[in-house]
Each structure stands twice: as C-alpha cells, then as structure tokens.
Amino acid sequence: MKLTELSYPIGIDIPVYPTNPSEKYYFESDMNNGDPANTSTALHHMHNGSHVDAPLHFSKGGPDIMSIPIDDFYYTAPYLMSIPKKKGELITLEDLKAKEEEIKKADILLLYVHYADVREDKSVFLDDFPALSREGAMYLRTSFPKLKAVAIDVISIESATAGAPNNFPVHHALLDNVDSGNAPLLVYEDINLKAYSEIHGKVLAISAFPIRWLGAEAGPVSVVAFSE
C-alpha cells in the first residue's frame, strides 16, 4: 500500500485568503540560547492552509468541528473530477451534471481545478481564483445522499470577488442546516489534488482528520490517500 499526502505543511509563508491574518511561530525557549529545551508557540488561523470547514462556519448553531462523527472524516469512495479552470471561472451546474453518475458513487468529491499546480506563485494562486457556483453547490447538497464532503485545490471554495458581496452563498448552500433533505457537506479547502492526480494505483481510501479545537468552526487537517 502507498500513502500520498494531500495536505500542505503549515508555515509563516503559506498563501492565505486575503482577509486572513498570517501565521506566526516563535520559540518560547531555545537551546541555542542556553535554555534546557526547545519549546514553541504557533498562532494559527483556522482557515489558513489545508483545512476543513464544519457547518458552524456559516450555520448559526450548526455543529462545530468536535461534533462531527469521526467516521465522517474517512472516505472509501473518492472521486477526482479534473476540471481545469482559469482566473475567475466557476464550476457550473452543467460541469457537475456531466459527471453525475460518477458523483453518485462518491462519498467525497475532489474538485481539481489545477490551481494546486500554481500554488507556489501567490500572485496567481490568490488572484480571483476559480470557485464553485451556488447552483453547483446546491446540486451537490441536494442530489447525492452518499456524498459527505467536497474538497478543492484553491484557497476557498467560494469566489473571492462574488462571495462576500452576496453573503457567501456557496458556503451557506453546503454548510447551512437548511431543509434540503441531505446533511451538510464538509468543505475541504487548499488541498493538494495535483498529488492525488499523480497516483497511479487505485485509491482505496482517504483519511482527512482535523485537529479538533473545542467549539471551533474549522480545523487544520492532515489528508492522506491510501492506494494500491
């Protein structure tokens, strides 16, 4: 069995959403300064780097990251949808309907817009990145009872230009406790789907377990694909 890491390391220079604070890291004690041990502190924003959004992120009173059953972070029927998109383009309802039969079988949908390929260039990666449309989000939420989560290889599943002015409709469609007939979908953002696309054997499972800070609306996540 082969293991492939699909999450990125966290560090002070990682790309972050334009309105998010940067990461901070410093040593509390340092053996180079004569201290008996190295100890450090990290100040981490929950939506920087590879992370998963729980419903509480956009659903008032929704489940926090600790309230999600642990098996909801483990997937045995992943489906990678390779759908290259350019700056500002959206994944449309029509794009998703073209792969409806494949998505029906999936418990996690991996939306690979090929922005993991350009993550090292922040000027490109953070500039009006591709995103999921609201119609596409509602379709995923209401049409696929087996689906537990959606992952994407951009900094946010929501458009950087249209999300905030319209009250973040994509996040609400996926995470709200609305009467859609289906449970909310977990949302994984900034995932290395380029690495997934390069796996040659059959992917047997994906583990995507977060650090669970009590009461938090999201958590940094370690994502690993297990393949033959």
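Please refer to the structure higher up on the page.
Counting restarts for each chain, with residues numbered from 1 along the sequence as it is written. Given that the model is predicted, a residue must reach a pLDDT of at least 70 before its local features are reported, and side-chain atom pairs must reach 80 or more before they are shown or counted; all residues, however, enter totals for whole chains, interfaces and linings. As a convention, hydrogens and water are excluded, and side-chain values are obtained from all of the structure's heavy atoms.

Enquirer: Would you mind going over the environment of Pro-169 in detail, with residue names and values included?
Expert: For helices the rule is a DSSP run of H or I covering at least 4 residues; for strands it is a run of E covering at least 2, with both sets numbered from the N terminus onward. With respect to the helices and strands, Pro-169 occurs in helix 5 (residues 169-175). When the C-alpha positions of Pro-169 and Ser-133 are compared, they lie 8.7 Å apart, and in sequence the two are 36 residues distant. Discounting residues that sit within four places of it in the chain, Pro-169 has contacts with Arg-134, Glu-158 and Gly-163. The criterion used for residue contact is that any of the two residues' heavy atoms lie within 4.5 Å.

Enquirer: Run through the environment of Ile-191, naming residues and quoting values.
Expert: Among the structural elements, Ile-191 can be located in the loop between strand 11 (186-189) and helix 6 (193-197). Residue classification places Ile-191 among the buried positions, given a relative accessible area of 2%. Considering only alpha carbons, one finds Ile-191 and Leu-80, 111 residues apart in sequence, at a separation of 12 Å. For Ile-191, the contacting residues outside a window of four places in its chain are Leu-6, Tyr-8, Ser-50, Ala-116, Ala-151, Ile-152, Asp-153, Val-221 and Val-223. Only protein chains enter the accessibility calculation, which uses a 1.4 Å probe; a residue whose area is less than 20% of its type maximum is buried, one above 50% is exposed, and one in between is partly exposed.

Enquirer: Can you lay out the side chain of Arg-141 for me, pointing to particular residues and giving the numbers?
Expert: Looking at the element boundaries, Arg-141 is found in helix 4 (residues 134-143). Counted as positive: Lys and Arg. Counted as negative: Asp and Glu, with His and the chain ends omitted from the count. The salt bridge definition used is simple: a Lys or Arg side-chain nitrogen within 4 Å of an Asp or Glu carboxyl oxygen. Here Arg-141 occupies a buried position and makes no salt bridge, while the nearest side chain of opposite charge, Asp-176, is found at 6.9 Å. A polar contact is formed between the side chain of Arg-141 and the backbone oxygen of Ala-173, at a distance of 2.9 Å. Between N or O atoms, a polar contact is any pair within 3.5 Å; within protein, one atom must be a potential hydrogen donor and the other a potential acceptor, and residues adjacent in sequence are included only when both atoms are from side chains.

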